[in-house]
Every structure is written in C-alpha cells, then in structure tokens.
Amino acid sequence: MADDGWEAQPERSNPIALRAIKWVALHLPRWFARAWLIPITGYYYLTSRKVRYASSHYLKRSVIRSGTPWNVIRHIYTFAATILDRVYFLTGRFDLYDVQISGLDSLERVMAGNRGCLLVGAHLGSFDVMRALGITQQNIPLKVLMYRQHNAMIAKILDELNPSLSENILDLADENVMLKVMEEVEGGSVVGMLGD
C-alpha cells in the first residue's frame with residue numbers, strides 16, 4: 001500500500017451489498033445499521049492485508065501510536081461508520097446527531113462582500129455534513145472538490161440519495177478543475193477541499 005496511493009486502490013465492495021446497506025440505513029434503526037458494520041469490519045480485516053497494513057501504518061504515525069490488531073479493527077469500523085453516516089446526512093437525518101456549527105460568522109463576513117472563498121478541511125470532520133447543512137439549511141453556495149471516480153460504486157449510491165447535492169461536486173480529475181474553482185470563488189461560491 002505504501003507504493004500505491006489511496007486513489008490507486010480498487011474498490012472492494014459490490015452494488016448489491018451497498019444497496020442492501022443503504023436499504024437497512026433508510027428503513028431500520030440506526031443502531032441496527034451500525035451493528036451490520038461489525039461483520040463488514042471483520043471481512044475487511046480478515047481479507048485485506050493492504051487495509052490492515054495501511055491502517056496500522058497510519059495509526060503508528062498518529063496520536064494513537066499503536067497499530068495493534070484491536071486498534072486496526074476499530075479504525076476500519078470507524079471508517080465504515082463514517083460512510084454509513086453519509087447516508088443519514090445526505091437524506092437530511094440530522095436529528096440522529098448533535099451537530100454544532102461554529103465559525104459561520106467568519107464565512108458570512110466573507111460572503112457579505114460578494115466574494116467566495118476556499119475552505120480547507122481535514123478528514124477529522126465531514127464534508128458531507130457541511131455540504132448538506134450548508135446547502136439545504138444555510139443557503140450557502142457551496143462546491144466541494146473531490147475525485148468522483150474513486151469509489152465510484154459508493155459515490156453512485158450516495159448520489160442517488162440526494163442528486164441535488166451531487167451537482168455541487170467539482171471533480172479533481174477534470175483537467176479544467178482549477179479554472180472552475182476560480183470561477184466559482186469569483187462568482188461568490190464557497191469551495192471546500194480536504195487538505196490532508
């Protein structure tokens with residue numbers, strides 16, 4: 001895994017499994033959907049040496065500083081839970097979470113001058129929360145930079161949940177993406193990207 005970047009790793013799921021998880025998330029309680037992640041976590045832990053290695057390597061360099069099997073399993077589970085959370089955020093189920101917005105006054109000051117800005121985030125938060133809340137509840141003209149083709153099966157399922165939000169993605173694989181970013185910022189939009 002160290003030789004290949006994350007974008008070079010093939011997607012390991014399949015559309016049937018993803019649609020089943022989506023159905024469970026939308027029709028059954030959240031605790032039940034999260035319980036489904038336990039066997040999924042076990043599957044990825046047991047069947048992918050690359051996933052285990054990447055997680056352990058990351059954890060050893062992080063605050064945890066320990067890539068023990070238990071920490072790797074927790075890391076994989078947390079990653080899966082984050083993807084599951086995206087289903088709820090994209091369908092407007094904010095009632096399942098304690099979402100607190102801070103720093104909005106700074107953003108409003110920038111936007112009051114009829115100009116946009118670039119927001120740089122990290123994988124510590126969720127752009128899906130920002131995207132869903134910003135567009136649906138705060139009326140913030142928001143675009144997000146991401147690779148659309150990476151994890152295309154998951155992206156397709158998530159785009160089906162809220163097609164209007166998928167229209168706000170600027171694809172980093174597009175050779176003209178930086179021109180589009182400049183146009184969006186000059187036009188008053190907020191462009192978000194992950195800096196890590």
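Look above for the structure.
Scoring rules and cut-offs
Residues numbered from 1 in each chain as written. Predicted model: local features only at pLDDT ≥ 70, side-chain atom pairs only at ≥ 80, totals over all residues. Heavy atoms only, no water. Helix = DSSP H or I, 4+ residues; strand = E, 2+ residues; numbered from the N terminus. Buried < 20%, exposed > 50% of the residue type's maximum accessible area, 1.4 Å probe, protein only. Polar contact = N/O pair within 3.5 Å; in protein donor to acceptor, adjacent residues only side chain to side chain. Expected span 1.5 Å × (residues − 1). Contact = heavy atoms within 4.5 Å. Axes fitted to C-alpha atoms, helices over the stretch in contact; angles between N-to-C directions. Left-handed = near helix turned anticlockwise from the far one by under 90°. Nonpolar A, V, L, I, M, F, W, Y, C, P; charged D, E, K, R; others polar. Core = buried A, V, L, I, M, F, W, Y, C linked by side-chain atoms within 4.5 Å. Phe/Tyr/Trp six-rings, centres within 6.5 Å; stacked < 30°, edge-to-face > 60°. Salt bridge = Lys/Arg side-chain N within 4 Å of Asp/Glu carboxyl O.

Enquirer: Please explain the side chain of serine 62 as it appears in this structure.
Expert: Position of serine 62 relative to the elements: it lies in the loop between helix H3 (49-61) and helix H4 (69-90). On the basis of relative accessibility, which here comes to 15%, the residue serine 62 falls in the buried class. One polar contact links the side chain of serine 62 to the main-chain carbonyl oxygen of leucine 59, over a distance of 2.9 Å.

Enquirer: I tried to follow helix H2 (residues 30-47) on my own but got confused; where do I start?
Expert: Each α-helix winds once per 3.6 residues, and so residues spaced three or four apart point in a common direction. Helix length check: H2, at 18 residues, gives a terminal C-alpha distance of 26 Å against a target of 26 Å (1.5 Å per residue), a fit within 8%. Regarding H2, the residues found buried are Ala33, Leu37, Thr41 and Tyr45. Packing partners of the buried residues in H2 comprise helix H1 (15-27), H3 and H4.

Enquirer: It is not clear to me how the packing of H1 against helix H7 (residues 152-161) should be interpreted in this structure. Could you clarify?
Expert: When two helices pack together, their arrangement is given by the angle between the helix axes and the distance between those axes. Between H1 and H7, whose axes approach to 10 Å, the crossing angle comes to 35 degrees. The handedness of the crossing between H1 and H7 comes out as right-handed. On H7, the residues touching Pro15, Leu18, Arg19, Lys22 and Leu26 of H1 are Met153, Ile154, Lys156, Ile157, Glu160 and Leu161. Each residue belonging to the contact of H1 with H7 can be placed in one class, and the counts come to 7 nonpolar, no polar and 4 charged.

Enquirer: Help me understand the nonpolar core, please; the structure alone is not making it clear to me.
Expert: Nonpolar side chains in soluble globular proteins tend to be buried together. Counting 20 residues, the largest nonpolar core has Leu84, Tyr88 and Leu158 as its most contacted members. Elements with a minimum of two residues in this core: H1, H2, H4 and H7. Here leucine 84 is in contact with Ile21, Ala25, Ala33, Arg34 and Leu37, once residues within four sequence places are set aside. Core analysis: the next-biggest nonpolar cluster, separate from the first, contains 7 residues, Leu104, Leu107, Leu142 and Val190 among them.

Enquirer: Where do I start with the packing of aromatic side chains in this structure?
Expert: Aromatic ring pairs are defined here through the distance separating the ring centres and the angle between the ring planes. Evaluation of the coordinates by the stated rule reveals 5 aromatic pairs. Residues tyrosine 43 and tyrosine 44 carry aromatic rings whose centres are separated by 5.2 Å and whose planes lie at 85 degrees to one another, so their mutual orientation is edge-to-face. Taking 6.2 Å as the distance between ring centres and 20 degrees as the angle between the ring planes, the aromatic pair formed by phenylalanine 89 and phenylalanine 94 counts as stacked. Take phenylalanine 89: its relative accessible area is 7%, and that puts it in the buried class.

Enquirer: What's the story with the pattern of salt bridges in this structure? I'm lost.
Expert: When the charged atoms of two side chains lie near each other, side chains of opposite charge can form a pair. Applying the stated criterion to the full structure yields 7 salt bridges. Close ionic contact of arginine 30 with aspartate 85 constitutes a salt bridge, the shortest N to O distance being 3.7 Å. Of this pair, arginine 30 sits in helix H2 while aspartate 85 is found in helix H4, placing the two residues 55 residues apart along the sequence. A relative accessible area of 25% means that arginine 30 is categorised as partly exposed. Overall, the relative accessible area of 13% leaves aspartate 85 in the buried class. Note that aspartate 95 is salt-bridged to arginine 93, the shortest N-O span being 3.0 Å. Relative accessible area serves as the criterion here: at 58%, aspartate 95 is assigned to the exposed category. Residue arginine 93 is classed as partly exposed on the basis of its relative accessible area, which comes to 34%.

Just geometry here; none of it tells us what the structure is for.
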